[in-house]
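# Breakdown of the fold
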Amino acid sequence: MDDFWSGVGVDLHLETDGNEGRRAGLERALRDAVRGGRLAPGTRLPATRRLATEVGISRNTVKAAYDQLVAEGYLTARQGSGTRVAALPSAAAEAPAATARAREPRFDLRPGSPDVGAFPAAAWLRALRRAIATAPSLAYDYGDPRGRIELRTALSGYLGRARGVIAPPERIVITSGYVQGLALLTRALEGAPVGMEDPGLPFHREVVRRNGGHVVPVPVDDRGLRARELGDDLGAVVVTPAHQYPTGVTLHPERRRALTDWARARGALIVEDDYDGEFRYDRQPVGALQGMAPGQVAYLGTASKTLGPALRLGWMVLPSHLVDAVADAKLHSDHHTETIGQLALAELITGHAYDRHVRACRLRYRRRRDLLLDRLGARRGVRGIAAGLHALVEVRDEADVLERAEAEGLAVGRLGEHWHAREAAGGRPQGLVVGYGTPRERAYPEALEVLVKVLEGV
């Protein structure tokens, strides 16, 4: 009997009421499951003989119930393909979908995402197959909260040669992306005040707050974070030195030295978000800040911009005194980041397919950057174009330009939402944060034409 149940196939949970009769009870249970969405359109139902055995009624009763629901339009039946759940028209279900479609912009130049259509699917699949073929059986068990040694070793070599990071494998912790890394570090700091760039990404400020940190704004100018204004009470400061978000400036060498001197003198932590670090277009990429002060800097990077956000793979290179505390916080957060993706990324890096993909992306995004500049022509006030996946276009009136953009079906980011104190942003510079990574290749030129149209006369 156990062998029979293991081969039944589709599991189907139905609750019937013995007081309403077997056939009527089965019909009602199936009808409710379809209406409520528990049985999705296209779901294949068990054969009548199997369902009859499972619920303890006759096969004829099940067949009669199926026939009735086919007649009512809840099910469909075809010779050779069995009985399936029909697709039911639902005004209630269609209205939100229609509203969502109406809200979607025709042209998307919002920042924060790469061109996910460029994901190296073939290379990833090859790496995945090699990883699975060679993985030991223990790889499918619970793992080290710091991450798989294969990936930590691969990253140690890659980050050293590509980003100038001093990254022994024992000081690397694998995460499910930058946000988790920032959250883990905030917890390890146990409520110490955290300096964050102003302007900066509001979502990251909220991550720090929700994990017990007190956020202190630190101004940014055309040389990056103003390190001389860091307070003595800060336990850490979060910076984007390679390509500041959203202004796009690179942290000036003098500011780098001042920042690392501040951290050494006070025993404070620098959290380096290596945002867009791989994508520099007019010269060699600027090395990571971590290489100047590995004992004071926690370096955070991810595969979200180079490969795609869906992978949820990031990494931290930590000062040695923080490794155990962060690993413990990771253990009690999600135990460990999923293993198979880690092994595949390790294969991609060690086989140099990752390097090839990053170089190809760098060329693609540089062409997009150049096309953006070409379309904007001699327009002044375009900043942050030396690297990354976005540019800051200065305007006089954000609200007016955004209203025009919405009328044209164009979505862009705005500088105003990035200030720590938005109510005081009136006298500050205004601008659009234009992302050129998000659109698909074919849609990008038309999106730029719409942007130019929106900016005419501004």
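Positions within a chain are numbered from 1, following the residues in the order the chain's sequence is written. Thresholds applied to this predicted model are a pLDDT of at least 70 for local features of residues and 80 or more for the giving and counting of side-chain atom pairs; totals over whole chains, interfaces and linings are not thresholded and use all residues. Water and hydrogen atoms play no part in the side-chain values, which are based on all heavy atoms of the structure.

### Observations regarding the overall build of the chain
Note on conventions: DSSP H or I runs of at least 4 residues are helices, E runs of at least 2 residues are strands, and numbering of each starts at the N terminus. Along the backbone of the chain there are 15 helices and 15 strands. Projected onto its principal axes, the C-alpha coordinates of the chain cover approximately 85 × 55 × 40 Å. Buried, partly exposed and exposed residues are distinguished by accessible area as a fraction of the type maximum, computed with a 1.4 Å probe on protein chains only: under 20%, between the cut-offs, and over 50%, respectively. Buried residues in the chain amount to 49% of all 458 residues. Restricting the contact set of the chain to residue pairs at least 6 apart, pairs at least 24 apart contribute 73%. Here the accessible surface of atoms and residues is derived via Shrake-Rupley with a 1.4 Å probe, and residues count as covered only by protein chains that are part of the display. If you sum the accessible surface of the chain, you get close to 21900 Å²; carbon and sulfur atoms cover 50% of it. Neither His nor the chain termini are counted; the positive set is Lys and Arg, and the negative set is Asp and Glu. By convention, the point assigned to a charge is CZ for Arg, NZ for Lys, CD for Glu and CG for Asp. Positive and negative side-chain charges of the chain, numbering 63 and 57 respectively, have mean locations separated by a distance of 5 Å. Should any heavy atoms of two residues lie within 4.5 Å, those residues are counted as being in contact.

### Quick notes on the sheet that holds strand 4 (residues 172–175)
In this description, strands pair whenever DSSP reports at least two bridges between them. Spatially, 4-11-10-9-8-5-6-7 is the arrangement adopted by the eight strands of the open sheet, whose pairing is mixed. At either end of the open sheet lies a strand with only one pairing partner, and these are strand 4 and strand 7 (224–225). Sheet topology note: the strand 8 (residues 236–239)/strand 9 (residues 269–273) ladder contains four bridges and is parallel. Residue Val238 lies in a different strand from strand 9, and its bridge partner there is Val271. Packing of helix 7 (residues 149–163) onto the sheet brings it into contact with strand 4, strand 10 (297–302) and strand 11 (314–317), and relative to strand 4 it is tilted by some 105 degrees. Note on geometry: axes are lines fitted to C-alpha atoms, helical ones only across the stretch in contact, with angles between N-to-C directions running from 0 to 180 degrees.

### What to know about the packing of aromatic side chains
Here a Phe, Tyr or Trp ring, Trp counted by its six-membered ring, pairs with any other such ring whose centre lies within 6.5 Å, and the pair is stacked when the planes are under 30 degrees apart, edge-to-face when over 60, and tilted otherwise. Applying the stated criterion to the full structure yields four aromatic pairs. A centroid spacing of 5.3 Å and a plane angle of 80 degrees characterise the contact between Phe279 and Tyr365, whose relative ring orientation is edge-to-face. In this pair, Phe279 sits in the loop between strand 9 and strand 10 while Tyr365 sits in helix 13 (residues 353–376), placing the two residues 86 residues apart along the sequence. Looking at Tyr365, the relative accessible area reads 1%, which means it is buried. The lysine or arginine in question, Arg368, covers the ring of Tyr444, its NZ or CZ lying 5.1 Å from the ring centre. The criterion for a charge sitting over a ring is simple: Lys NZ or Arg CZ within 6 Å of the ring centre, and within 35 degrees of the ring normal.

### A word on helix 2 (residues 22–35)
Expected helix span is computed as 1.5 Å times (number of residues minus one). With 14 residues, helix 2 extends 20 Å from end C-alpha to end C-alpha; this agrees with the ideal 20 Å at 1.5 Å per step. Listed as buried for helix 2 are Gly25, Leu26, Glu27, Ala29, Leu30, Arg31, Ala33 and Val34. Each element contacted by the buried residues of helix 2 is listed here: helix 3 (48–55), helix 4 (59–72) and strand 2 (82–85).

### A word on the nonpolar core
Core analysis: the largest hydrophobic core is formed by 55 residues, its most contacted members being Trp315, Leu345 and Leu451. Setting aside chain neighbours within four positions, we find Leu451 in contact with Leu109, Leu372, Leu376, Leu410, Leu432 and Val434. What we call a nonpolar core is a set of buried Ala, Val, Leu, Ile, Met, Phe, Trp, Tyr and Cys residues that are connected through their side-chain atoms within 4.5 Å. Core analysis: the second largest hydrophobic core is formed by 25 residues, Leu184, Val194, Val271 and Leu300 among them.

### Some words on the sheet that holds strand 13 (residues 390–395)
With respect to topology, five strands assemble into an open sheet ordered 3-14-15-13-12, the strand pairing being mixed. This sheet does not close on itself; its edge strands, each paired only once, are strand 3 (107–109) and strand 12 (382–383). With six bridges joining them, strand 13 and strand 15 (residues 430–435) adopt antiparallel strand pairing. Residue Ala391 lies in a different strand from strand 15, and its bridge partner there is Val434. Each of strand 3, strand 13, strand 14 (410–414) and strand 15 touches helix 15 (residues 444–455); the most contacted strand, strand 3, lies at about 80 degrees to it.

### Quick look at the side chain of Ser156
Within the fold, Ser156 resides in helix 7. Relative accessible area serves as the criterion here: at 18%, Ser156 is assigned to the buried category. Excluding residues that lie within four positions of it along the chain, Ser156 makes contacts with Ala167, Pro168, Pro169 and Ile172.

### Here's the deal with the packing of helix 7 against helix 12 (residues 339–350)
Viewed as axis vectors pointing N to C, helix 7 and helix 12 meet at an angle of 40 degrees, and their least axial separation amounts to 8 Å. In this structure, helix 7 meets helix 12 at a crossing whose hand is left-handed. Between helix 7 and helix 12, the contacting residues are Glu150, Leu151, Ala154, Leu155, Tyr158 and Arg161 on the first element and Gln342, Leu343, Leu345, Ala346, Ile349 and Thr350 on the second. For the contact of helix 7 with helix 12, the class distribution of residues is eight nonpolar, two polar and two charged. Throughout, a crossing is termed right-handed when the near helix is turned clockwise from the far one, and left-handed when it is turned anticlockwise from it by less than a right angle. For this scheme, ten residues count as nonpolar: Ala, Val, Leu, Ile, Met, Phe, Trp, Tyr, Cys and Pro. Four count as charged, namely Asp, Glu, Lys and Arg, and the remainder, Gly too, count as polar.

### Some words on the layout of surface pockets
Only protein atoms enter the 1 Å grid used here, on which a cavity is any set of points holding a 1.4 Å probe that cannot leave and a pocket is any open set flanked by protein within 12 Å on both sides along at least five of seven lines; residues with an atom within 4 Å of a point are listed as lining. Grid points are joined across faces, edges and corners, and a volume is the space filled by probe spheres set on the points. Its volume calculated, the largest pocket comes out at about 720 Å³. Residue lining of the largest pocket: 38 residues in total, with Tyr178, Leu201, His204, Tyr275 and Lys305 positioned closest to the centre. In terms of residue count, strand 10 provides more of the lining of the largest pocket than any other element does, four residues in total. Considered class by class, the residues forming the lining of the largest pocket number 16 nonpolar, 11 polar and 11 charged.

### Thoughts on the pattern of salt bridges
Salt bridges, as used here, are contacts in which a Lys or Arg side-chain nitrogen is within 4 Å of a carboxyl oxygen on Asp or Glu. Evaluation of the coordinates by the stated rule reveals 31 salt bridges. A salt bridge links Asp261 to Arg264, with the nearest nitrogen and oxygen atoms 3.8 Å apart. Taken together, the residues span about one helical turn, with Asp261 and Arg264 both in helix 10 (residues 253–266) at a distance of three residues. Among the residues examined, Asp261 registers a relative accessible area of 47% and is labelled partly exposed. Arg383 serves as the salt-bridge partner of Glu394, at 3.3 Å between the closest nitrogen and oxygen.

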